[in-house]
Amino acid sequence: MDVSWQQRLMRERHARQSELNAEISRRETAELHQREIEEELVRLLSENRLLQSEVEGGKLIIEQFAGLMAEKADHVCQYCRRSGTLKPPSIR
């Protein structure tokens, strides 16, 4: 009886050790995946900052261009008004 009890105990110990090894393996895989995700997050945040600065630069260029075009349009309109080719603005 003592031998069968020891065999049962060894099987139980082996089963628990297998479960522990599987859990450790799963945890290591999860930690690796988490590190990969964190690295991807850092990379994406960096790329986002770069793109955001490009967007802001583009907005400034558009604003400057719009101001320049408005100024040029104002000059053209003054010439058109003098020459009579521009219709007067409608009054509503």
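Draft legend 1. Seen up close, the overall build of the chain. On a plain count of helices and strands, the chain comes out with 1 helix and 0 strands. For the chain, the proportion of its 92 residues judged to be buried stands at 0%. Working note: accessible area of the chain is about 9,000 Å², and carbon and sulfur atoms make up 60% of it.

Draft legend 2. Representation of the pattern of salt bridges within the structure. One pass over the structure, following the stated rule, counts 7 salt bridges. The closest approach of N and O atoms between Arg26 and Glu23, which form a salt bridge, is 2.7 Å. Placement of the pair is Arg26 and Glu23 together in helix H1 (residues 2-83), with a separation of 3 residues, close to one helical turn. Notably, a salt bridge pairs Arg43 with Glu40, separated by 2.7 Å at the nearest N-O pair. Pair noted here: Arg43 and Glu40 are both in helix H1, with a separation of 3 residues, about one helical turn. Arg43 gets classed as partly exposed once you look at its relative accessible area, which sits at 43%.

Draft legend 3. Focus on a nonpolar patch on the surface. Judged by side-chain polarity, Phe65, Leu68 and Met69 come together as a nonpolar surface patch covering roughly 280 Å² of accessible area. Mapping Leu68 onto the fold places it in helix H1. Since its relative accessible area comes to 41%, Leu68 is described here as partly exposed.

Thresholds applied
Per chain, residues are indexed from 1 in the order of the written sequence. In keeping with the predicted nature of the model, local features appear solely for residues at pLDDT of at least 70, side-chain atom pairs appear and are counted solely at 80 or more, and the whole-chain, interface and lining totals rest on all residues. The basis for every side-chain value is the complete set of non-hydrogen atoms in the structure, without hydrogens or water. Helix and strand definitions follow DSSP, with helices as H or I runs of at least four residues and strands as E runs of at least two, each counted in order from the N terminus. Burial classes: relative accessible area under 20% of the type maximum marks a residue as buried, over 50% as exposed, and values in between as partly exposed (1.4 Å probe, protein chains only). Accessible areas in this description were obtained via Shrake-Rupley with a 1.4 Å probe; residue shielding takes into account the shown protein chains only. Salt-bridge detection follows one rule: a side-chain nitrogen of Lys or Arg within 4 Å of a carboxyl oxygen of Asp or Glu. A patch is a set of surface residues, each over 30% in relative accessible area and not in a salt bridge, joined within 9 Å for like charges and within 5 Å for the nonpolar side chains Val, Leu, Ile, Met, Phe, Trp and Tyr.

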